[in-house]
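Each chain, written out:
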Amino acid sequence: MPTYNLKINGKLQSVEADSDTPLLWVLRDHVDLVGTKFGCGIAQCGACTVHINGNATRSCSLPVSNLQGMEIITIEGLSEHGDHPVQQAWLEHDVPQCGYCQAGQIMSAAALLNNNSNPTDEDIDAAMNGNICRCGTYIRIKQAIKTASKL
Amino acid sequence: MTKVKTQYNRRSFIKVSAAAGGGMLIGFSWLTGCISDPKVEKVEIPNEWFEINGYIKIGDTGLVTIYSPNPEIGQNVKTSMPMIVAEELDVDWKNVVVEQAPLNTGFYQNQFAGGSLSIRLSWNALRMAGATGRRMLLEAAAKEWGIAVSDLNAAQGVIKEKNGDRSLTYGEIASKAVGIEIPEEVELKSINDFKLIGTDVKNVDAKKIVTGEPLFGLDFKREGMQLAMIQHPPAFGMKLKDFNEEEIKRMPGVKDAFIIDTTLEDPTWSDEKGFFQLIAIVGDSTWQLMKAKRAIKANWEVISELENSEMHLTNLEEAFVSGDVEESRKDGDFDTAFKKATKVIERTYSSPFLAHNTMEPMNFFANVTDTTAELIGPTQTPEALEGSVSKLLNMPIENITVNMTRMGGGFGRRLYVHFGVEAAAISKKIGAPVKLVYTREDDMTQGTYRPAYLSKYKAGLDDNNNLVAFSVQGSGLPEGSVFPDRFPAGTVDNYLAEKINAKTNVTTGAWRAPRSHFTAGAEQSFIDEVAELAGKDPIDFRLELFDRAINNPIGEKNDYDPERYAGVLKLVKEKSNWGETNPEIYRGVAAYFCHSSYVAEVVDMVLVNGQPKIKKVWCAVDCGIVINPDAAKNMVQGGVIDGIGHAMYSQLTFNNGSVNETNFDRYQLMRHSQAPEDIEVFFIKNDIAPTGLGEPGLPPAVGALANALYQATGQRFYTQPFANQINAKMPLG
């Protein structure tokens, strides 16, 4: 099995895996970062969203062989103390119900705010439409993104 | 204060203390701080903990652990149940940490998440647990100081002498309370004295959720643990014969591959499942297992008819002629009244099968040895799982433990225990701990769906536009969606209701607000049309009917309280300014009673470029005392989105016994851009003990949606998903 050197949350990690292994499973099975969630496996639900070079990306459909030299940030590395503005806003609005999709939602929201510090409702819909919340916390997510944009 | 008899004795407390103290087997950090704000100062981590009773553990620093007995599926009981204990114990919430209790049928009651029953069934037990702890701490302090309990006050974790200066904290006296006899009678607070219940308390797991800490079953790991996946037949009506076992075993990363059979001789309702003979593959990399799963070449045999969606519709219709009427009600003479009526109306409503689609796919950890079985994972029914594993392994229940992880959604899906049973079967076969993981496709194609329904409604009005005849007959695969004793039973002289069952080999189960989700949509749309036929305002028309049920009810067995029903309609009417016309807003209303609670909703719709879009939903809810208002609002908002999303977009269809929608590329769930812009929730204030909340917010949303769509488009909606029926192109994600 080939070895890949990945930069995950600012740390270099050496991983031995099949070349077609999606980043999601490298994170969950190989380096024990389970905050990134498995939802559908076909990039349709957004539960597995991470940042690749600052862009929100579905890790379930991204082979490990494409990732050398890229900056990978997961929910665990979004902030050192769990106090990224988006995380703070999520707590303030008490967004989660079951909580399972929220890491992916937060990663999509954080990437949106990196590129657009004052998004409109339409901007938020466009950036977040790939993230399903089965519990229906969409209204709070939108409110939290607006709050985070002001933090 | 109210004096109540405790139902506890020393023996039951000791039993749970032992289990709770030594039973925390989950490998996650157990300390869940209730205040996630790091700026809030907390008491220090104790050096020593003292078990006060099975719900409460107090540390020498005054930190209090409260065990949450029921499974957490997102309904927020892990916060609200401990709040009730903390209220009666009278401690400062910032000094409380919450721990998930393990399954312990010897002590806790009703450890399940279903029927919106968690708070409703445990309200008294939780209050007594807190009050018992408080009383024991008071007795210990009284003994310490040589005075009577009546000379003491306790509040916010501090005990004070009424006529003196002495005071001590719960932490300081906790060690002495351990030996105190459990009181046979305790005093409960007056509802007016509640300080914590009725305030907005944040989710105790929120910080872990937003930072991605391990919480869910899928996140669980144990040293030496293997991973496993299963493969079931591709169609209902098929059974596994054999597969290319040797080839699969030789694939990279595969340690073993074999067939398991989880058929139980004496199954219960929670053992429902499409397929019991399955291929199991074991290894230590999820991705390699997924690849091996794709390489399976199996032989399947056809054992019953391979059904399709057209056949399902025919069978639902056919059931009205030849189906089995399971429940019915007749008041007066419907047929005669309908024939004599001045105006009549008949409508038919239908809905397809639906999948639950919890975001966390099914999974479970099992470690089975010759004499013991340990199960850890997401289950709404840990006791049922324990029972089924006991049957499968022929092992006494005492040798089986079940621990519950936080669940990535339930919606009824995890009332069914097969994935835990399968994990146990695989662990037994390989003689090692294992975590079974389903793919999305495994979950969406294996059954236990929301049934498919078809209901026919008829109504007749007299010369004065009074409702004089009403009937509902509903068939379902496999169970009709009719509640004979619910509204409008009790409001009409001539009433007929029939619940009709029909056959299918597709397996089904409870899906959030079973049957109510469909019935509320159909019935409340129909009532809207009847009101229109009568030339009456839809809210006034309903209120007239409730007046009838209040003043002169028909029959004696009406499930609902018409005054509370009317109460939520009046509240939503007031809050939404119903009757104020805005030419750009199209409104629909609905009200429904289920899970002992009452909810009325108004949907405000606008047309954006000719396409309907929901601007706002107004909700009025009567669920008795509300424990945690902001979290309760979150739950109702979620219910509304769940109801609207599925009625609008979702369906599961069949071809030759196979499901066509196998993942989220074809199965549509509501997305951000389709959600209502705002959902405002109002609660009726009363002193009624809490009733259900996880489910009741959903059903009326379907009716209010259909009625608003009618106002916006001029078209009535009878067949779900509505998006398929809309001529204008809907704003799809």
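Residues numbered from 1 in each chain as written. Chains lettered and ligands numbered in written order. Predicted model: local features only at pLDDT ≥ 70, side-chain atom pairs only at ≥ 80, totals over all residues.

**Overview of the overall build of chain A**
- A count of helical and extended segments in chain A gives 5 helices and 5 strands.
- Helices and strands in chain A line up, N terminus first, as β-β-α-β-β-β-α-α-α-α.
- For chain A, the C-alpha radius of gyration of 15 Å lies close to 15 Å, the compact-globule estimate for 151 residues.
- Seen through its principal axes, chain A has C-alpha atoms that stretch 45 × 25 × 25 Å.
- For chain A, the residues scored as buried account for 62% of the 151 residues in total.
- By sequence separation, contacts in chain A at least 24 residues apart represent 60% of the contacts at least 6 residues apart. (Helix = DSSP H or I, 4+ residues; strand = E, 2+ residues; numbered from the N terminus. Rg over C-alpha atoms; globule rule 2.2 N^0.38 Å. Buried ≥ 20, exposed ≤ 12 C-beta atoms within 10 Å, placed from the backbone. Contact = placed C-beta atoms within 7 Å.)

**Describing the overall build of chain B**
- A tally of helices and strands in chain B yields 17 helices and 30 strands.
- Radius of gyration (C-alpha) of chain B: 28 Å, near the 27 Å computed for a compact globule of 733 residues.
- In chain B, buried positions account for 57% of the 733 residues.
- Looking at chain B alone, contacts between residues at least 24 apart form 79% of all its contacts between residues at least 6 apart.

**Topic: the domain arrangement of chain B**
All names here are of chain B.
- Splitting chain B by domain gives domain 1 (2-211), domain 2 (217-303 + 362-437) and domain 3 (323-353 + 449-725).
- On the side of domain 2, 22 residues touch domain 1, which itself brings 17 residues to the contact.
- Here the side of domain 1 that touches domain 2 is built from residues that sort into 8 nonpolar, 7 polar and 2 charged. (Domains from an automatic or database assignment. Nonpolar A, V, L, I, M, F, W, Y, C, P; charged D, E, K, R; others polar.)

**Notes on the sheet that holds strand β5 (residues 71-73) of chain A**
Residue and element names in this part refer to chain A.
- Ordered by their spatial adjacency, 5 strands build an open sheet running β2-β1-β5-β3-β4, and the pairing between neighbours is mixed. Since the sheet does not close on itself, it has two edges, and those belong to β2 (11-16) and β4 (55-58), each with one partner. Each strand axis lies, on average, 40° off the axis of its neighbour in the sheet, ignoring direction.
- In the sheet, strand β1 (residues 3-8) pairs with β2 via 6 bridges, with the strands oriented antiparallel. (Pairing = 2+ DSSP bridges. Axes fitted to C-alpha atoms, helices over the stretch in contact; angles between N-to-C directions.)

**What to know about the nonpolar core**
- With 274 residues, the main nonpolar core has Ile281, Ala424, Val568 and Leu705 of chain B as its most contacted residues.
- Among the elements that make up this core, the one with the highest residue count is helix α3 (residues 118-145) of chain B (11 residues). (Core = buried A, V, L, I, M, F, W, Y, C linked by C-beta atoms within 7 Å.)

**Some points on helix α8 (residues 309-322) of chain B**
Residues and elements named next belong to chain B.
- Across its 14 residues, α8 extends 19 Å between first and last C-alpha, which sits within 8% of the 20 Å expected from 1.5 Å per residue.
- Where α8 is concerned, the buried positions are His312, Leu316 and Ala319.
- Tucked into the core, α8 has its buried residues touching β22 (452-461), β23 (467-477), β24 (494-501) and β28 (654-655). (Expected span 1.5 Å × (residues − 1).)

**Section: the environment of Leu533 of chain B**
Residues and elements named next belong to chain B.
- The topology assignment puts Leu533 in helix α13 (residues 516-534).
- The spacing of Leu533 and Val602 is 69 residues in sequence and 20 Å in space, taken between C-alpha atoms.
- Apart from residues lying up to four places away in sequence, Leu533 is in contact with Lys343, Ile345 and Leu461.

**Considerations on the interface of chain B and chain A**
- Listed as interface residues are 51 residues of chain B and, on the opposing side, 43 residues of chain A.
- Elements with a minimum of two residues in the side of chain B that touches chain A: α5 (206-211), α7 (286-294), α16 (629-649) and β30 (678-683) of chain B.
- For the side of chain B that touches chain A, the element with the highest residue contribution is α16 of chain B, accounting for 7 residues.
- Residue composition of the side of chain B that touches chain A, by class: 18 nonpolar, 20 polar and 13 charged.

**Side note on the domain arrangement of chain A**
Residue and element names in this part refer to chain A.
- Taken domain by domain, chain A holds domain 1 (3-75) and domain 2 (85-150).
- Listed as interface residues are 15 residues of domain 1 and, on the opposing side, 12 residues of domain 2.
- Broken down by secondary-structure element, the contributors of at least two residues to the side of domain 1 that touches domain 2 are β3 (49-52) and β4.
- Broken down by element, the residue count for the side of domain 1 that touches domain 2 peaks at 3 residues, all from β3.

**Observations concerning the packing of helix α10 (residues 382-393) of chain B against helix α11 (residues 418-430) of chain B**
Residues and elements named next belong to chain B.
- Following both chains from N to C, one finds α10 and α11 inclined at 35°, their axes separated by 9 Å at the closest point. Judged by the sense of rotation from one axis to the other, the crossing of α10 with α11 is right-handed. Together, Leu385, Ser388, Val389, Leu392 and Leu393 of α10 and Gly420, Val421, Ala424, Ala425 and Lys428 of α11 make up the contact between the two elements.
- The class makeup of the residues in the contact of α10 with α11 is 7 nonpolar, 2 polar and 1 charged. (Left-handed = near helix turned anticlockwise from the far one by under 90°.)

**Digging into the sheet that holds strand β9 (residues 167-169) of chain B**
Residue and element names in this part refer to chain B.
- Read across the sheet, 3 strands follow the order β7-β8-β9 without closing on themselves; strand pairing throughout is antiparallel. With partners counted over all chains shown, the strands left at the sheet margins are β7 (152-155) and β9, one partner each. For this sheet the average axis-to-axis angle between neighbouring strands, irrespective of direction, equals 20°.
- Here β7 pairs with strand β8 (residues 158-161) via 4 bridges, running antiparallel. Across the sheet, the residue bridging to Ala155 is Val158, located in β8.
- Sitting on the sheet, α3 touches β7, β8 and β9, and the angle it makes with β7 is about 140°.

**Comments concerning the pairing of β4 of chain A**
Residue and element names in this part refer to chain A.
- Examined bridge by bridge, β3 and β4 share 4 bridges and lie antiparallel to one another. In the strand pairing of β4, His51 is matched with Ala56.
- In textbook terms, the turn of a hairpin is the stretch between consecutive antiparallel strands, and for β3 and β4 this stretch comprises 2 residues, one of which, Asn53, has a positive phi near 50°.

**Focus: the environment of Ser328 of chain B**
All names here are of chain B.
- With respect to the helices and strands, the residue Ser328 is situated in strand β16 (residues 324-331).
- Here the alpha-carbon distance between Ser328 and Pro451, two residues 123 residues apart in the chain, equals 20 Å.
- Filtering out sequence-adjacent residues up to four positions away, Ser328 remains in contact with Pro484, Ala497, Glu498 and Lys499.

**A few points about unusual backbone geometry**
Residues and elements named next belong to chain B.
- The step from Leu477 to Pro478 runs through a cis peptide bond, and the omega angle for that step is 10°.
- Tracing the chain through its elements places Pro478 in the loop between β23 and β24.
- Cis peptide bonds are those with omega within 30 degrees of zero, and the linkage from Phe487 to Pro488 qualifies with 5°.
- The residue Ser116 is not glycine, and still its phi comes out positive at about 50°.

**Considering the environment of Asp94 of chain A**
- Tracing the sequence through the fold places Asp94 of chain A in the loop between α2 (85-92) and α3 (102-115).
- As a C-alpha pair, Asp94 of chain A and Arg140 of chain A span 46 residues in sequence and 7.9 Å in three-dimensional space.

**A closer look at the packing of α3 of chain A against helix α4 (residues 121-128) of chain A**
Residue and element names in this part refer to chain A.
- Contact geometry of α3 with α4 gives a least axis separation of 10 Å together with a crossing angle of 130°. Considering their axes alone, α3 and α4 lie oblique with respect to each other. The handedness of the crossing between α3 and α4 comes out as right-handed. Between α3 and α4, the residues in contact are Ser108, Ala109 and Leu112 and Ile124, Ala127 and Met128, respectively. (Parallel < 35°, antiparallel > 145°, perpendicular 65-115°, else oblique.)

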